[in-house]
Amino acid sequence: QVQLAESGGGLVQYGGSLRLSCEASGVTFSIPTMAWYRQLPGKQRELVASKNNGGRTTYADSAKGRFTIVRDGTANAVILQMNSLKPEDTAVYYCSANIWRSGEWNTFWGQGTQVTVSS
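Residues numbered from 1 in each chain as written. Predicted model: local features only at pLDDT ≥ 70, side-chain atom pairs only at ≥ 80, totals over all residues. Heavy atoms only, no water.

(A) A look at the side chain of Ser50. As for its position among the elements, Ser50 is in strand β5 (residues 46-52). Since its relative accessible area comes to 12%, Ser50 is described here as buried. For Ser50, the contacting residues outside a window of four places in its chain are Thr33, Met34, Ala35, Arg56, Thr57, Thr58 and Ile69. (Helix = DSSP H or I, 4+ residues; strand = E, 2+ residues; numbered from the N terminus. Buried < 20%, exposed > 50% of the residue type's maximum accessible area, 1.4 Å probe, protein only. Contact = heavy atoms within 4.5 Å.)

(B) View of the nonpolar core. Core analysis: the biggest nonpolar cluster contains 28 residues, and Met34, Trp36, Leu80, Met82 and Tyr93 have the highest contact counts within it. Listed by contribution, the elements that provide at least two residues to this core are β3 (18-25), β4 (33-39), β5, β7 (67-72), β8 (77-82), β9 (91-101) and β11 (113-118). At 5 residues, β9 tops the list of elements feeding residues into this core. (Core = buried A, V, L, I, M, F, W, Y, C linked by side-chain atoms within 4.5 Å.)

(C) Region of interest: the environment of Val78. Mapping Val78 onto the fold places it in strand β8. The spatial distance from the C-alpha of Val78 to the C-alpha of Ala24 is 8.7 Å, given a sequence separation of 54 residues. Setting aside anything within four residues of it in sequence, one finds Val78 in contact with Leu20, Ser21, Cys22, Met34, Trp36, Ile69, Val70, Arg71 and Cys95.

(D) A look at the sheet that holds β8. Strand order across the open sheet formed by 4 strands is β1-β3-β8-β7, with antiparallel pairing between neighbours. The sheet is open, and its two borders are formed by β1 (3-7) and β7, each paired with just one other strand. If you compare each strand with its neighbour and ignore which way they point, the axes differ by 15 degrees on average. Inspection of the sheet shows β1 paired to β3 by 5 bridges, in the antiparallel sense. Of the residues in β3, the one forming a bridge with Ser7 is Ser21. (Pairing = 2+ DSSP bridges. Axes fitted to C-alpha atoms, helices over the stretch in contact; angles between N-to-C directions.)

(E) Structural view of the side chain of Asn76. Mapped onto the elements, Asn76 comes out in the loop between β7 and β8. Looking at Asn76, the relative accessible area reads 4%, which means it is buried. Polar contacts involving the side chain of Asn76 include one to the main-chain carbonyl oxygen of Phe29, which spans 2.8 Å. When near neighbours in sequence (up to four residues on either side) are disregarded, Asn76 contacts Cys22, Glu23, Ala24, Val27, Phe29, Ser30, Ile31, Met34 and Arg71. (Polar contact = N/O pair within 3.5 Å; in protein donor to acceptor, adjacent residues only side chain to side chain.)

Structure, rendered in structure tokens:
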């Protein structure tokens, strides 16, 4: 069973930084794509950043220039370094892993970690 364990959320002031970490277990190969999503209260979950094991990276416009996603393909871990945080970044952040299984892509999710940015 694929499991994702996240850590690193918390409370930070406007302009501060946080580092979110996520490590997958139950997988014996390099996960094709790992990503970070976030969900603001009352809104749908949205992509923040993703990176595949070929190095291709995608960022949401809101994350460009402030957030950096880093993967450790050997360890199936992904880090989201968040700088210059703003109150509008306040959300629950989720790690995800896309794995091809049983003839289709499956997305697995972590439990989420709260990030709160105070003004």
